[in-house]
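Residue-level structure breakdown
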Amino acid sequence: MADHVFRLKDTPIGTVLVKFYQIIPYTDEAFTRAKALDFWHATPGSGNSWGMALYQGPISTNHVLTEAVAQLHTRCPACTAVRIEQAS
């Protein structure tokens, strides 16, 4: 599951969820396992959500809302991966 989740409102692309993951060492397979766990926990009525990904992968290659994500990353400096999704 995500180590930190933030909701950003009123961005140029609307409201988004930014989910940070601490995947050490980072591999695509380890990140996929963490996302799968989130997906299974995102059941209707649980208060969790699973939206369309605008970006998912290493923080270093993120291209969506880069300034905002960089600022949020300071709250979880050990996190290595991020998933940014459109909030419902």
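One structure accompanies this document, and this report is about it. Quick caveat, the model's predicted, so the values are computed rather than measured.

Notes on unusual backbone geometry
The linkage connecting Ile24 with the following residue, Pro25, adopts the cis geometry, with an omega of -10°. You will see that Leu65, though not glycine, has its phi angle at about 45°, which is positive. Looking at where Leu65 falls in the secondary structure, it is placed in the loop between β3 (53-58) and α2 (66-73).

What to know about the pattern of salt bridges
All told, the structure shown has two salt bridges when counted by the stated rule. With a closest N to O distance of 3.4 Å, Lys19 and Glu85 form a salt bridge. Taken together, the residues span a long stretch of sequence, with Lys19 in strand β2 (residues 14-21) and Glu85 in strand β4 (residues 81-86) at a distance of 66 residues. In this structure Glu85 comes out as buried when scored by relative accessible area, which is 0%. A salt bridge links Glu85 to Arg83, with the shortest nitrogen-to-oxygen separation between them at 2.6 Å.

A look at the environment of Arg33
Tracing the chain through its elements places Arg33 in helix α1 (residues 28-41). Residue classification places Arg33 among the exposed positions, given a relative accessible area of 57%. Along the chain, Arg33 and Met1 lie 32 residues apart, while their C-alpha atoms are 9.0 Å from each other.

Some remarks on the state of the cysteines
Here the structure, examined in full by the defined rule, presents one disulfide. Across the disulfide from Cys76 sits Cys79; the S-S distance is 1.7 Å. Around the S-S axis, the bridge from Cys76 to Cys79 shows a dihedral of about 55° and counts as right-handed.

Observations concerning the pairing of β4
For β4, the buried fraction is high: five of the six residues fall into the buried class. In the sheet, β2 pairs with β4 via six bridges, with the strands oriented antiparallel. If you follow Phe20 over to β4, its bridge partner there is Val82. Inspection of the sheet shows β3 paired to β4 by five bridges, in the antiparallel sense. Bridge pairing in β4 places Ala53 opposite Glu85.

What to know about the sheet that holds β4
Strand pairing in a sheet takes place through backbone hydrogen bonds and is either antiparallel or parallel in direction. One open sheet accounts for four strands, arranged β1-β2-β4-β3; its pairing is antiparallel. Taken across any chain shown, the strands that pair with only one partner, and hence form the sheet edges, are β1 (4-11) and β3. Strand-to-strand twist across the sheet, computed as the mean angle between neighbouring axes with direction ignored, equals 15°. This element, α2, spans β1, β2 and β4 of the sheet and lies at about 40° to β2.

About the thresholds
Residues numbered from 1 in each chain as written. Predicted model: local features only at pLDDT ≥ 70, side-chain atom pairs only at ≥ 80, totals over all residues. Heavy atoms only, no water. Helix = DSSP H or I, 4+ residues; strand = E, 2+ residues; numbered from the N terminus. Salt bridge = Lys/Arg side-chain N within 4 Å of Asp/Glu carboxyl O. Buried < 20%, exposed > 50% of the residue type's maximum accessible area, 1.4 Å probe, protein only. Disulfide = S-S within 2.5 Å. Pairing = 2+ DSSP bridges. Axes fitted to C-alpha atoms, helices over the stretch in contact; angles between N-to-C directions. Contact = heavy atoms within 4.5 Å.

Any link to function would need more than the numbers given here.
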